[in-house]
Amino acid sequence: QLQFVESGGGLVQPGDSLRLSCDTSGISVNYYAIGWFRQAPGKEREGISCITPSGGTTTDADSVKGRFFIGRDNAKNTVSLEMNNLKEEDTAVYYCAALFLPHGICNTRSGGGYEYWGKGTQVTVSS
């Protein structure tokens, strides 16, 4: 089964920055949007941001607007999530997944229709 691979997580202090990366090898980049999601301990999975093949983006998590930025490098088959001014409430496992665009629109509020979920990368923000 095809799974994306997330990387870049770690233990950081409040106010620090991290850049996560999603290896999306195995899909046709022209047809898939890529979304970033996170799941904090004891909470439901939350959609963060989505990016289209052409680079259009949407940020669905109000708590990260102005701090998190999604990017895409189709030549490298990678999607990034730049995370700035991290807060303790950002602590979560971060996942990436793909949406076949004929099946939906580029948003992450429900996660419905997304495929190729990775195993996630742990981000821990703690003082």
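For the structure itself, look to the data block above.
Residues numbered from 1 in each chain as written. Predicted model: local features only at pLDDT ≥ 70, side-chain atom pairs only at ≥ 80, totals over all residues. Heavy atoms only, no water.

**Things to note about the state of the cysteines**
Using the following cut-off: Cysteine sulfur pairs qualify as disulfides if the two atoms are within 2.5 Å. For the purposes of this entry, the term helix denotes a DSSP run of H or I that reaches at least four residues, the term strand denotes a run of E that reaches at least two, and both are numbered from the N terminus. For the exposure calls, accessible area comes from a 1.4 Å probe over protein chains only, and a residue counts as buried if that area is under 20% of its type's maximum, exposed if over 50%, partly exposed in between.
Applying the stated criterion to the full structure yields two disulfides. Bridging C22 to C96, the disulfide has an S-S length of 2.0 Å. Residues C22 and C96 are joined by a disulfide whose S-S torsion is about 75 degrees; by sign, that bridge is right-handed. One end of the pair, C22, is in strand 3 (residues 18-23); the other, C96, is in strand 9 (residues 92-100), and 74 residues separate them in sequence. When sorted by exposure, C22 lands in the same class as C96, which is buried. Sequential numbering of the bridged cysteines in the protein chain gives the disulfide pattern 1-3, 2-4.

**Examining the nonpolar core**
Threshold: Grouping buried Ala, Val, Leu, Ile, Met, Phe, Trp, Tyr and Cys residues that are joined through side-chain atoms within 4.5 Å yields what is termed a nonpolar core. Here, residues are in contact when the closest pair of their heavy atoms is within 4.5 Å.
In terms of nonpolar packing, the biggest core is built from 26 residues, with I34, W36, F68, L81, M83 and Y94 touching the most fellow members. For this core, the secondary-structure elements that each account for two or more residues are strand 3, strand 4 (32-39), strand 5 (46-51), strand 7 (68-73), strand 8 (78-83), strand 9 and strand 11 (121-125). For this core, the leading source of residues is strand 9, giving four residues. Once residues lying within four places of it in the same chain are set aside, the contact partners of L81 are L18, R19, L20, W36, I48, F68, F69, I70 and Y94. In this structure, F37, A97, L99 and Y114 belong to the second largest nonpolar core, which totals seven residues.

**Focus: the layout of surface pockets**
Quick reminder of the rule: Site definitions follow a grid-based scheme: protein atoms alone, a 1 Å grid, a 1.4 Å probe that fits but cannot get out for cavities, and for pockets an open set with protein on both sides within 12 Å along at least five of seven lines, plus lining residues having an atom within 4 Å of a point. Grid points are joined across faces, edges and corners, and a volume is the space filled by probe spheres set on the points. Gly counts as polar in this scheme, as do all residues outside two lists: the nonpolar Ala, Val, Leu, Ile, Met, Phe, Trp, Tyr, Cys and Pro, and the charged Asp, Glu, Lys and Arg.
When its volume is computed, the largest pocket comes out at roughly 150 Å³. Lining of the largest pocket is provided by R38, A40, K43, E44, R45, E46, S63, E89, D90 and A92. Classifying every residue of the lining of the largest pocket gives two nonpolar, one polar and seven charged.

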